[in-house]
Amino acid sequence: VFTNHLANRLNQESELEVREAREGDLVQPGHVLIAPGDFHLQLQRVGAQIRVFTHQQPPENSCRPAVDVLFRSAAEVYGNRAVGVVLTGMGQDGLRGSRDLVDRGSRLFAQNEETCVVWGMPRAVVEAGLANRVLPLQEISGALQEAAWNGRAVRAAAGATR
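A few points on the structure. Nothing here was measured: the structure is a model prediction, and the numbers come from that model. (Residues numbered from 1 in each chain as written. Predicted model: local features only at pLDDT ≥ 70, side-chain atom pairs only at ≥ 80, totals over all residues. Heavy atoms only, no water.)

1. Looking at the overall build of the protein chain
Alright, step 1. Along its length, the protein chain carries five helices and seven strands.
Alright, step 2. Overall, the protein chain shows an N-to-C arrangement of helices and strands of α-β-β-β-β-α-β-α-β-α-β-α.
Alright, step 3. For the protein chain, the C-alpha radius of gyration of 16 Å lies close to 15 Å, the compact-globule estimate for 162 residues.
Alright, step 4. Considering only C-alpha atoms, the protein chain reaches an extent of 45 × 35 × 30 Å along its principal axes. (Helix = DSSP H or I, 4+ residues; strand = E, 2+ residues; numbered from the N terminus. Rg over C-alpha atoms; globule rule 2.2 N^0.38 Å.)

In structure tokens form, the structure reads like this:
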């Protein structure tokens, strides 16, 4: 119930479409999908598309959904084109998946301690030296937009030189 309410609330506050993910959803620009409660969220390439799959495999880090599951799949699917974000939360969920993203050349942002309710998850990533940027919550959206536009510019420039 919580994740559906969270998605609805974020959808009201955001210019992007935000909703709870459903099995087989297509990953699309301008859409934000939130893992449904008690389900891991995983990305998979299906032909030329990236789709969302949900499952109830055992909890990781005592969590389901676990960020590590999502980040591992994002590292596999997107390689160095992913951008991970670790926000406030307890424990170390996200640490192993963050390492997978960074090992593949992806960027990783972490919320700073001052704006976190609980600095456990971001702290684990920062202390492991994995975060490219540590930002206040209010700056993360802009950093993501900048990363998205820079990625498009890099791909466009690469295409123009071929």
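Right, picking up where we left off after that structure.
2. Considering the packing of aromatic side chains
Alright, step 1. The final tally for this structure, using the stated rule, is zero aromatic pairs.
Alright, step 2. Residue placement shows R133 over the ring face of F109; its charged tip is 5.7 Å from the ring centre. (Phe/Tyr/Trp six-rings, centres within 6.5 Å; stacked < 30°, edge-to-face > 60°. Lys NZ or Arg CZ within 6 Å of the ring centre and 35° of its normal.)

3. Side note on the side chain of T3
Alright, step 1. Mapped onto the elements of the fold, T3 is located in helix α1 (residues 2-13).
Alright, step 2. Relative accessible area serves as the criterion here: at 12%, T3 is assigned to the buried category.
Alright, step 3. The contact partners of T3, leaving out residues within four places of it in the chain, are E20, I34, A35, P36 and G37. (Buried < 20%, exposed > 50% of the residue type's maximum accessible area, 1.4 Å probe, protein only. Contact = heavy atoms within 4.5 Å.)

4. Quick notes on the environment of N8
Alright, step 1. Here N8 is to be found in helix α1.
Alright, step 2. Residues N8 and A48, 40 residues apart in the sequence, show an inter-C-alpha distance of 29 Å.

5. A word on the pairing of strand β3 (residues 40-46)
Alright, step 1. In the sheet, β3 pairs with strand β4 (residues 49-55) via seven bridges, with the strands oriented antiparallel. Bridging across to β4, Q44 finds its partner in R51.
Alright, step 2. Between β3 and β4, which pair antiparallel and follow one another directly, the connecting turn spans two residues, one of which, G47, has a positive phi of 65°. (Pairing = 2+ DSSP bridges.)

6. Remarks on the state of the cysteines
Alright, step 1. Under the defined criterion, the tally for this structure stands at zero disulfides.
Alright, step 2. In this structure C63 is a free cysteine whose sulfur lies 15 Å from that of C116, the closest cysteine sulfur available.
Alright, step 3. Assessed through its relative accessible area of 22%, C63 is described here as partly exposed.
Alright, step 4. Residue class for C116 comes out buried when judged on its relative accessible area of 13%. (Disulfide = S-S within 2.5 Å.)

7. Describing the sheet that holds strand β7 (residues 133-135)
Alright, step 1. As summarised here, the arrangement of the three strands in space is β5-β6-β7, forming an open sheet in which the pairing is parallel. Here the strands that pair on one side only, and so sit at the sheet edges, are β5 (83-86) and β7. Across the sheet, the axes of successive neighbouring strands diverge by a mean angle of 20°, strand direction being ignored.
Alright, step 2. Of the pairings in the sheet, the one linking β5 to strand β6 (residues 107-111) comprises four bridges and is parallel in character. Across the sheet, residue V85 finds its bridge partner in β6, namely F109. (Axes fitted to C-alpha atoms, helices over the stretch in contact; angles between N-to-C directions.)

8. Description of unusual backbone geometry
Working note: non-glycine residues mostly have negative phi, and peptide bonds are mostly trans.
Alright, step 1. Cis geometry marks the peptide bond from R64 to P65; its omega dihedral reads 10°.
Alright, step 2. Relative to the assigned elements, P65 resides in the loop between β4 and α2 (67-78).
Alright, step 3. Here D38, not a glycine, exhibits a phi torsion of approximately 70°, which is positive.
Alright, step 4. Take D38: it is sitting in the loop between β2 (31-34) and β3.
Alright, step 5. A positive phi angle, near 55°, is found at N61, a position not held by glycine.
Alright, step 6. Summarising the element assignment, N61 is placed in the loop between β4 and α2.
Alright, step 7. The class of N61 is partly exposed, set by a relative accessible area of 28%.

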